Amino acid sequence: MTWIETLDKHLARLHPTQRARVSTHVLHSQTPREQLDRAFVPAHANMLKIVLSTNIAESSVTISDVSCVIDHGLRRALEYNSAMGCQMLKLGWISRASSTQRS
C-alpha cells in the first residue's frame, strides 16, 4: 500500500461529521480525468481541502485553494544498476528545489 492509499484510508475513517468538512483528492499519473477535474473545483466555505499527490504535481498542477501542503519528500527515479545490468526505479529523497516547487 502506498503512502497515498494509507492516508486516504485513514481519512475515510473520520467521524461522519468531520468527514463532511474534508474534501480529499488523490492525484497521480493514473488518476482518471473526472477525478482530476474535481480537485480544481473550489472547496465550500469551512471545508478543508486535502490533496494527496505524487510528484506529478511538482511541475504540472496548481490548485489555488490549497492552504497546506504535506509532502513525504520521496521520489522514484530510474537509476542504472551495474550489478544487474539494467535500469531500476529507486526510491530516494527529493532536493530542496523540488520541495519548494511542490509546495
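Per chain, residues are indexed from 1 in the order of the written sequence. Two thresholds apply to this predicted model, a pLDDT of at least 70 for residue-level local features and 80 or more for giving and counting side-chain atom pairs, whereas whole-chain, interface and lining totals are computed over all residues. Computation of side-chain values covers all heavy atoms of the structure but excludes hydrogens and water.

A.B. asks: Looking at this model, I keep getting lost on the nonpolar core. Mind explaining?
C.D. replies: Nonpolar side chains in soluble globular proteins tend to end up buried together. Among the nonpolar cores identified, the biggest contains 6 residues, and these are Ile4, Leu11, Val22, Val26, Ile50 and Leu52. The helix and strand labels rest on DSSP assignments: H or I over at least four residues marks a helix, E over at least two residues marks a strand, and numbering proceeds from the N terminus. Breaking this core down by element, the ones donating at least two residues are helix H1 (3-12), strand S1 (22-27) and strand S2 (48-53). Working rule for contacts: check all heavy atoms of both residues, and any pair within 4.5 Å makes them a contact. Beyond its immediate chain neighbours, meaning those up to four positions away, Val26 contacts Ile4, Asp8, Thr31 and Leu52. Note on terminology: a nonpolar core comprises buried Ala, Val, Leu, Ile, Met, Phe, Trp, Tyr and Cys residues joined through side-chain atoms within 4.5 Å. Whether a residue is buried, partly exposed or exposed follows from its accessible area with a 1.4 Å probe, protein chains only, as a fraction of its type maximum: under 20%, in between, or over 50%, in that order.

A.B. asks: Explain the side chain of Ser23 here, please?
C.D. replies: The residue Ser23 is located in strand S1 in this model. When near neighbours in sequence (up to four residues on either side) are disregarded, Ser23 contacts Met47, Leu48, Lys49 and Ile50.

A.B. asks: Explanation requested: the confidence of the model for the chain in the structure shown.
C.D. replies: The predicted coordinates should not be examined in detail at positions where pLDDT is low. On average, the chain scores 81 in pLDDT, and the residues at 70 or more come to 87%. pLDDT is defined as a per-residue confidence score from the predictor, taking values between 0 and 100. Mean pLDDT values over the elements of the chain span from 61, in helix H4 (residues 57-60), up to 90, in strand S4 (residues 86-93).

A.B. asks: Explain the pairing of S1 to me, please; I cannot follow it from the model alone.
C.D. replies: One face of the sheet, then the other: side chains in a regular strand alternate in exactly this way. Most of S1 sits inside the fold, with 6 of its 6 residues counted as buried. Residues of S1 alternate between two faces, with Val22, Thr24 and Val26 on one and Ser23, His25 and Leu27 on the opposite face, all of them buried. Any two strands with at least two DSSP bridges between them are considered paired. Direction of pairing for S1 relative to S2: parallel, over a ladder of 6 bridges. From the neighbouring strand, Leu27 faces S2, where its bridge partner is Ser53. Place the viewer so that the strands point away; then a crossover is right-handed whenever the path from the first strand over the helix to the second strand goes clockwise. As a crossover connection, the stretch from S1 through helix H3 (residues 33-39) into S2 is right-handed.

A.B. asks: Explain the pattern of salt bridges to me, please; I cannot follow it from the model alone.
C.D. replies: When their charged atoms lie close together, side chains carrying opposite charge are able to pair. Between Lys or Arg on one side and Asp or Glu on the other, a salt bridge is scored when a side-chain nitrogen of the former is within 4 Å of a carboxyl oxygen of the latter. The tally for this structure, following the rule as stated, stands at 3 salt bridges. For Asp37, the salt bridge goes to Arg33, with nearest N and O atoms at 3.3 Å. Of this pair, Asp37 and Arg33 both sit in helix H3, 4 residues apart, which is roughly one turn of the helix. A residue is classified by how much of its surface remains accessible, and Arg33, at 59% relative accessible area, is exposed. The partner of Lys90 in a salt bridge is Glu79, with the nearest N and O atoms 3.9 Å apart. One end of the pair, Lys90, is in strand S4; the other, Glu79, is in strand S3 (residues 74-81), and 11 residues separate them in sequence. Judged by relative accessible area, which is 31%, Glu79 ranks as partly exposed.

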